[in-house]
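For reference, the chains in residue letters:
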Amino acid sequence: MDRLWKVFGARDGSAAVSDVTLTIDAGEFLTLLGPSGSGKTTTLMMVAGFVPPTSGEIYIDGQPVTKIPPQRRNLSMVFQSYALFPHMTVERNIAFPLEVRRTTRTVIRERVREALEMVQLAGYEQRRPHELSGGQQQRVALARALAFEPRALLMDEPLGALDKKLRQHMQLEIKRIQRSLGLAVIYVTHDQEEALTMSDRIAIMNEGRIEQVGPPEELYDRPINRFVADFVGESNFLEGTVRGVGEDGLVTLEHPSGQIVQAFRDGPVQRGTKVIAAIRPERISLTDAPGLDGPDGWRGQISDIIYGGDFTKYKVDVGGQYLIVKVQNHDDGHARAVGDIACISWAPLHLKILDG
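On a predicted model such as this, the values are computed, not experimentally measured, just so you know.

Enquirer: Help me understand the pattern of salt bridges, please; the structure alone is not making it clear to me.
Expert: Any two side chains of opposite charge can pair, given that their charged atoms come close. The full count for this structure, using the stated rule, is 16 salt bridges. The shortest N-O distance in the salt bridge between Arg222 and Glu218 comes to 3.9 Å. Owing to a relative accessible area of 46%, Arg222 belongs among the partly exposed residues under this scheme. For Glu218, a relative accessible area of 25% puts it in the partly exposed group. With a shortest N-O distance of 2.7 Å, Arg243 and Glu254 are connected by a salt bridge. Of the two residues, Arg243 sits in strand β12 (residues 236-245) while Glu254 sits in strand β13 (residues 250-254), which places them 11 residues apart along the sequence. Because the salt bridges share partners, they merge into one network encompassing Glu110, Arg113 and Glu117.

Enquirer: I'm lost on the sheet that holds strand β18 (residues 311-318) in this one. Help?
Expert: Adjacent strands of a sheet pair through backbone hydrogen bonds, lying either parallel or antiparallel. Here five strands make up an open sheet; going across it, the order is β16-β20-β17-β18-β19 and the pairing antiparallel. Two strands lie at the open edges of the sheet, namely β16 (285-287) and β19 (321-328), each paired on one side alone. Direction aside, the axes of adjacent strands within the sheet are offset by 45 degrees on average. Sheet topology places β16 next to strand β20 (residues 341-345); three bridges connect them, and they run antiparallel. Along β20, the bridge assignment pairs Ser285 with Ser345.

Enquirer: Help me understand unusual backbone geometry, please; the structure alone is not making it clear to me.
Expert: Note on backbone geometry: most residues besides glycine have negative phi, and most peptide bonds are trans. Even without being a glycine, Asp61 presents a positive backbone phi close to 55 degrees. Assignment of secondary structure puts Asp61 in the loop between β5 (59-60) and β6 (63-64). Not every positive phi belongs to a glycine, and Glu207 is a case in point at roughly 55 degrees. Relative to the assigned elements, Glu207 resides in the loop between β10 (201-206) and β11 (209-214). Residue classification places Glu207 among the exposed residues on the basis of a relative accessible area of 65%.

Enquirer: Just checking my understanding: could you explain helix α4 (residues 134-147) for this structure?
Expert: The periodicity of an α-helix, 3.6 residues per turn, causes residues three or four positions apart to be oriented the same way. Counted at 1.5 Å a residue, the expected span for α4 with its 14 residues is 20 Å, and the 20 Å between its end C-alpha atoms agrees. For α4, the tally of buried residues reaches 13 of 14 residues, placing the bulk of the element in the interior. After α4 finishes, the residue Glu149 shows a positive phi value of roughly 55 degrees.

Enquirer: Even after reading the chapter, I still don't get the pairing of β10, so can you show me in this structure?
Expert: A regular strand places its side chains so that they alternate between the two faces of the sheet. Along β10, five of the six residues are buried, which leaves the element largely enclosed by surrounding structure. For strand β3 (residues 29-33) and β10, the ladder comprises four bridges, and the chain directions are parallel. Bridge assignment links Leu30 to a residue of β10, and that residue is Arg201. Relative to β11, β10 runs antiparallel, the two being bridged by five bridges.

Enquirer: Please clarify how the side chain of Asn236 should be interpreted in this entry.
Expert: You can see Asn236 is positioned in strand β12. According to the relative accessible area criterion, Asn236 is buried, its value standing at 4%. A polar contact of 2.7 Å, which involves the side chain of Asn236, links it to the backbone nitrogen of Ile324. Once residues lying within four places of it in the same chain are set aside, the contact partners of Asn236 are Ala277, Ala278, Ile279, Arg280, Pro281, Ile284, Tyr322, Leu323 and Ile324.

Enquirer: Honestly, the sheet that holds strand β9 (residues 184-189) in this entry has me stumped. Any pointers?
Expert: Pairing is mixed across the open sheet formed by six strands, whose spatial order is β7-β8-β9-β3-β10-β11. Strand pairing shows two members of the sheet lacking a second neighbour, β7 (75-79) and β11, which therefore form its edges. With strand direction ignored, the average angle separating the axes of adjacent strands in the sheet is 15 degrees. In the packing of helix α1 (residues 40-48) onto the sheet, contacts are made with β3, β7, β8 (152-156), β9 and β10, and the angle to β8 comes to roughly 150 degrees.

Enquirer: Mind showing me how you'd approach the packing of α4 against helix α5 (residues 164-181) here?
Expert: Helix packing for two helices is described by the angle between their axes and how far apart those axes are. As a packed pair, α4 and α5 sit with axes 11 Å apart at the nearest point and diverge in direction by 20 degrees. When the interaxial angle is binned, α4 and α5 end up roughly parallel. Regarding α4 and α5, the two cross each other, and that crossing is right-handed. For the pair formed by α4 and α5, the contact residues are Gly135, Gln138, Arg139, Leu142 and Leu146 on the first element and Leu166, His169, Met170, Glu173, Ile174, Ile177 and Leu181 on the second. The class makeup of the residues in the contact of α4 with α5 is seven nonpolar, three polar and two charged.

Enquirer: Please clarify how helix α3 (residues 105-118) should be interpreted in this entry.
Expert: Taking 1.5 Å as the rise per residue, α3 with 14 residues should run 20 Å; its terminal C-alpha atoms sit 20 Å apart, in good agreement. When we look at burial in α3, the residues that qualify are Ile108, Val112, Ala115 and Leu116. Burial along α3 is one-sided: seen end-on, the buried residues are contained in an arc of 95 degrees. Those residues of α3 hidden inside the fold are in contact with α2 (90-100) and α4. Once α3 finishes, Gln120 follows within two positions and takes phi at roughly 60 degrees, a positive value.

The rules behind each value
- Every chain is numbered on its own, with residues counted from 1 as its sequence reads.
- The predicted nature of this model means local features are confined to residues of pLDDT at least 70 and side-chain atom pairs, given and counted, to a pLDDT of 80 or more, with totals for whole chains, interfaces and linings taken over all residues.
- As a rule here, side-chain values cover all heavy atoms of the structure and leave hydrogens and water aside.
- For this analysis, a salt bridge means a side-chain nitrogen from Lys or Arg found within 4 Å of a carboxyl oxygen belonging to Asp or Glu.
- A simple rule labels every residue: compare its accessible area, found with a 1.4 Å probe on the protein chains alone, to the largest value its type can have, and call it buried under 20%, exposed over 50%, or partly exposed in between.
- Helix numbering and strand numbering both begin at the N terminus, where a helix is a DSSP run of H or I of at least 4 residues and a strand a DSSP run of E of at least 2.
- At least two bridges found by DSSP between two strands are what make those strands a pair.
- Only the contacting stretch of a helix is used when fitting its axis, a line to C-alpha atoms as for every element, and angles between N-to-C directions run 0 to 180 degrees.
- One fewer than the residue count of a helix, multiplied by 1.5 Å, yields its expected span.
- Pairs of N or O atoms are called polar contacts if they sit within 3.5 Å, as long as, within protein, a hydrogen donor faces a hydrogen acceptor (for residues adjacent in sequence, only side-chain-to-side-chain pairs).
- When checking whether two residues touch, look at their non-hydrogen atoms; a contact exists if any pair is within 4.5 Å.
- The labels follow the angle: roughly parallel below 35 degrees, roughly antiparallel above 145, roughly perpendicular from 65 to 115, and oblique for the rest.
- Take the far helix as your reference; a near helix turned counterclockwise from it by less than a right angle gives a left-handed crossing, and one turned clockwise gives a right-handed crossing.
- Charged residues are taken to be Asp, Glu, Lys and Arg, nonpolar residues to be Ala, Val, Leu, Ile, Met, Phe, Trp, Tyr, Cys and Pro, and polar residues to be all remaining types, Gly included.
- An arc is given here, and it is the one of the directions from the helix axis to the C-beta atoms.

These figures capture arrangement, not role.
What follows is the structure, encoded as C-alpha cells:
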C-alpha cells in the first residue's frame, strides 16, 4: 500500500487514514496495532477492497488493485463475528467460497478435508454453527478463509469474542497454520499482548497515521516516542534536562526534583534540552537498602503494591515522581509493605530518551 488516505465526508476534512505506506513480504505476519479509532480497520478494509481509498494505491504482487473489486483480489477475510451461515453445515460453510468460484466437486471435497485437518476439526463436517463452541466456530471461519488458497489472509479482531485462555490458544494455532502455509497475514488488533505474541512485524497506528513499524522486540525495547512506549507494554516516564552528554550515547539528566539520572540516547542531543525518557517496570531494580541518591540509586517510599501471581508491582514515590517497579516473585524473597523505604536503580541503557 502506497500513501493511502481515507476521508469520510467533508464536514471537517479529518482523515480516518493519513498517508499510510506499508510493504508486506510474502509469508509475513504483519499486525496493525492501535487504539479504537486509530484507522487500522479502515486500512484493512481498503486492502480488502470493501472501502475505496480517497487517494493512494494498493498493490498485490506488484500489480495495482485499487480499482479491482474485492472478489477478484483473491484475498481472504476473517471477522470477529465469524460470519458463518447458520443454516449450513460446517462442510457447506467451508465449501461456499469454492462453489462461488465454480470449483469442481472433487476439488471442493479435497479442499474441505484439508482445511478441516489444518484447523483440527476433522469429523465435524455435518455439524452446524450453533452446535460448536466459540473457538470451534472461529476455526471453521479460518478454514473457510484458507480453503480457496488466497494470496493473503486479512483478519479483523478475530479473537475478540473469545475468553482469555482460548484466545491465547488460538493465537498459537493461527501462527502455526500461517507458518506451515507460508501465507502473508495482515492482522488487526488493539491487544498489545496478542500483537507481540503473533507478529513478525507490528505497525503502531494512532489517529490514522503509522507511528512506528518494526519487529515486536524493536517496538518494545526501542520505542521512538511516548505514544509507542505507552501503548506497547507498560512504561515509566521521566522528564529531565540534559546536563551532560558522554560517549556511546550516555546522557546525564537532571529531573525537575533535582535528582540526577543517567539515560541513553540513540542519536544526538544538546545540553540544556528538555527531554522525556522511558523505562520498563521490569528494568528497574528494587532493593531494601536505603542507598544513596544519585545516578545509580534513587530512594523512595512504596505507596502501593499489586500482586500478579508470578510477579509483584510496586508503586514507588521517589521525589514526587511515581515509578512502577515489576519484580518476579521467584527471584525475590523480600516481604515489603506500603510505607517501606526502598532504593531503585537501573542500567542507564534501559532508560531511553524518546523523540517526543
